[in-house]
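Structural description and commentary
For reference, the chains in residue letters:
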Amino acid sequence: MSLLEQIHSPSDLQRFNDRELQVLADEIREFMIGAVSKVGGHLAPSLGVVELTLALHSVLDSPRDKIIWDVGHQCYAHKIITGRAASFHTIRQYGGLSGFPSNSESEHDVVGTGHSSTSISYGVGIQEAIRLAAAQVELAGVEATLAGGKAGDAETAEGRAIDAGALPGEVDGGEEALEEIPSGHVACVIGDGALTGGIAYEALNQAGHLKTPLIVILNDNEMSIRANVGAISQYLHKLRLDPTLYKLREELEHGIDKIPGIRGASRSLKESMKAFLVPGMLFEELGFAYIGIVDGHDIKALRKSIRAAMEIERPVLIHIKTTKGKGYEPAESRPDTFHGIAPFSISTGEAIKKPGPITYTEAFGQGLARMAADDEKIVAITAAMSSGTGLYHFERSYPDRFFDVGIAEEHAVAFAAGLAIGGFKPVVAIYSTFLQRAFDLLVQDVALQDLPVVFALDRAGLVGDDGPTHHGVLDLGYLSLVPGMTVMAPGDEAELQNMLFTALSLGGPAAIRYPRLAGRGVAMPEKFELLPVGKAEVIDRGEGALLLGLGTGVGICRRAARMLAERFGLRPTVVNARFLKPLDGELIRELVGEHELVITVEEGTRKGGFGAAVRELLAEDVRVPVKSFAVPDRFVNHGNRSHLLRDIGLTPEAVAEYVGGKLLEKKIIQADRRKVSGDEYQGDTLLNS
């Protein structure tokens, strides 16, 4: 029996020695690679922290002790050893395990994460909650003791209360049960990529101020999704180059008073000398004890460092050095590719790709690079996502006009505002769900000043396997709230390029949202076209039902129209709205007067989106009912995108069934199914393209 087969919970690790744990690490890597090769996932980050995961769980007592994974890309080994190995093959699949920590999935997943740089904030909050709760329990025990007139000597507050005359679970004849005094360690694992996010420093600052006994493990692999950038990355690189710095710091701690002229000197002078000699003092100056640099693949060294940190009654930062993709050569040599990988061949490391049209992401990247060739004022900004947003074309061609700000979305937006003030045309390429983090900057620093910043929102709508932390379904709602913001969504990949060209010409803030999908396969524009702002496009003019689509909703409307023709011989009007803001109210009102039913379709939340805008537009015209097909007001789980769309009723079939049923009720069309173009409708078969 393998060691992995003997693991059912983290407590099982405690009977293994360091050598056995290293063997277990190899088994976990093989198991993980086998599963992810079939279903895809975040492989490289998780391969890099297998030893760290085993060290943490063999020393700490989860879930009493809390382990918090920043972002969660690296949580696969954690899932495997916390009772989920048997279902690990379902990772990121419909109805299966989440690809990120999920507190609804396991008691060992302390928080549900998916965005970067928050682990230390969580940790400070949880540790301070433990401290406050313990103080309250102790106080209740003292009060119970005083009420009983004797000191009592039981170890727990409940014991003291019982000594004082209270029943077990009661204090003073009816108070709530006094629990055992809360305790436990809190360990936050954060990568050097996540450490480029400003919120991490806000948390470090407070932890140092409060002297919160927190363990922060800095997993330093020089990567986020790609190589890290910025001064913080350079600082950590400097530490990595000289691993003797930790020993030097220890020697200084014990020997500085022996230096002639220093004995009795002020603390500030001593600390200044240490800071001058030891760059690692950055964390010390923030109030953290610094342990490092530790080999992140040496289980013995890791366990020793964690045990040492547990003994220190103030915040501690353990700086470890790991290799992203460790143990699988293709992932080690191409960690950016294997950060998030589709199913792949284990022998070659090559993704198993299906041929098809270019993606919206690729269309955006190619289009922006072409436009930049003719306009030297165009600059591109990404928050550590140049490959994910398609900006590698721009970066390769115009490196001086390309800016990767690290995982710092708020800074990216304010930085773009500064570039715009300086006369440039910034394009901020960002995932829809990540722009949520910078909403205040979007309002205050861009829109309020009417600056020409273009936001290219990739991964809009349901993204599938990454689940609710990454579904970009709120953007239409929050973008439409912002005065002066032009909001667009293309019906195909060619229209995306024309929208980008149009947005760059507006002279004010604009946003384009588009999905994580392959395009329709349409021809890309040889010459870019300026679209009339706020004007929709009538794709097919018919009768009975008016189908208004925005973004991917246009494709749903097209297919629903074909299904309605196939089933009922009905030819509805199909409109590509193109713009949510400004909305083409003139055309919509005109068309509404010619139809009996209005349908809106969008891959965004029903609250405050496209459908809501149309209903508001038609609020005074109650003659025609309006039905909105959109994402419901709840968080949608992870899984195959087609399954998710079916679950929420956002499909051509759902639209066709609803429209057909409503028009039959009104007797606008015959109840019998008609022939169309000589073809009979066959059973429940519907056109799907």
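Each remark here, short or long, concerns the structure printed above.
Residues numbered from 1 in each chain as written. Predicted model: local features only at pLDDT ≥ 70, side-chain atom pairs only at ≥ 80, totals over all residues. Heavy atoms only, no water.

What about the sheet that holds strand β5 (residues 316-321)?
In spatial order, the strands read β1-β2-β3-β5-β4; together these five strands make up an open sheet with parallel pairing. Taken across any chain shown, the strands that pair with only one partner, and hence form the sheet edges, are β1 (66-69) and β4 (289-295). The sheet shows a mean angle of 20° between the axes of neighbouring strands, direction not considered. (Pairing = 2+ DSSP bridges. Helix = DSSP H or I, 4+ residues; strand = E, 2+ residues; numbered from the N terminus. Axes fitted to C-alpha atoms, helices over the stretch in contact; angles between N-to-C directions.)

With respect to the nonpolar core
Residues Leu24, Ile28, Met32, Leu43, Leu56 and Ile318 are the most contacted members of the largest nonpolar core, which totals 54 residues. The leading source of residues in this core is helix α1 (residues 18-39), at nine residues. Listed in part, the 50 residues of the second largest apolar core include Leu419, Val482, Val487 and Ala536. (Core = buried A, V, L, I, M, F, W, Y, C linked by side-chain atoms within 4.5 Å. Buried < 20%, exposed > 50% of the residue type's maximum accessible area, 1.4 Å probe, protein only.)

Considerations on the pattern of salt bridges
Per the counting criterion, the structure on display carries 25 salt bridges. Among the ionic pairs, Asp540 bridges to Arg571, the shortest N-O distance being 2.6 Å. Note that Asp540 is positioned in strand β12 (residues 537-540) and Arg571 in the loop between α21 (552-568) and β14 (573-576), a separation of 31 residues in sequence. Judged by relative accessible area, which is 26%, Asp540 ranks as partly exposed. (Salt bridge = Lys/Arg side-chain N within 4 Å of Asp/Glu carboxyl O.)

Regarding the packing of aromatic side chains
Counted according to the given criterion, the structure contains 13 aromatic pairs. Seen from their ring centres, Tyr328 and Phe344 are 5.9 Å apart, and the 40° between their planes marks the pair as tilted. One end of the pair, Tyr328, is in the loop between β5 and α13 (329-333); the other, Phe344, is in the loop between α13 and α14 (360-374), and 16 residues separate them in sequence. Judged by relative accessible area, which is 7%, Tyr328 ranks as buried. A relative accessible area of 3% places Phe344 in the buried class. Plain terms: the ring middles of Phe338 and Phe344 are 5.3 Å apart, the flat faces sit at 85° to each other, and that makes the pair edge-to-face. The exposure class assigned to Phe338 is buried, which follows from its relative accessible area of 0%. Put simply, the rings of Phe31, Tyr76 and Phe88 pair up and form one aromatic cluster. For the cation-ring pair, Arg401 lies above Tyr398, with the distance from its terminal atom to the ring centre recorded as 4.5 Å. (Phe/Tyr/Trp six-rings, centres within 6.5 Å; stacked < 30°, edge-to-face > 60°. Lys NZ or Arg CZ within 6 Å of the ring centre and 35° of its normal.)

Examining the side chain of Thr196
Topologically, Thr196 is positioned in the loop between β2 (186-191) and α7 (198-210). Judged by its relative accessible area of 17%, Thr196 is buried. Only 2.6 Å separates the side chain of Thr196 from the backbone oxygen of Gly193, close enough to count as a polar contact. (Polar contact = N/O pair within 3.5 Å; in protein donor to acceptor, adjacent residues only side chain to side chain.)

Things to note about the sheet that holds strand β9 (residues 454-458)
The mixed open sheet is built from seven strands, whose spatial order is β7-β6-β8-β9-β11-β10-β15. Both outer strands of the open sheet, β7 (402-404) and β15 (579-581), are each paired with one neighbouring strand and no more. Geometrically, the sheet is characterised by an average inter-axis angle of 20° between neighbouring strands, direction not taken into account. Note: β9 against strand β11 (residues 510-513), four bridges, orientation parallel. Bridge pairing in β11 places Leu457 opposite Arg513. On the sheet, α14 packs against β6 (378-382), β8 (425-431) and β9 and is oriented at approximately 145° with respect to β6. Contacts between helix α16 (residues 409-421) and the sheet are confined to β6, β7, β8 and β9, with β8 contributing the most and set at about 165° to the helix. (Contact = heavy atoms within 4.5 Å.)

Don't take any of this as a statement about function, it's just geometry.
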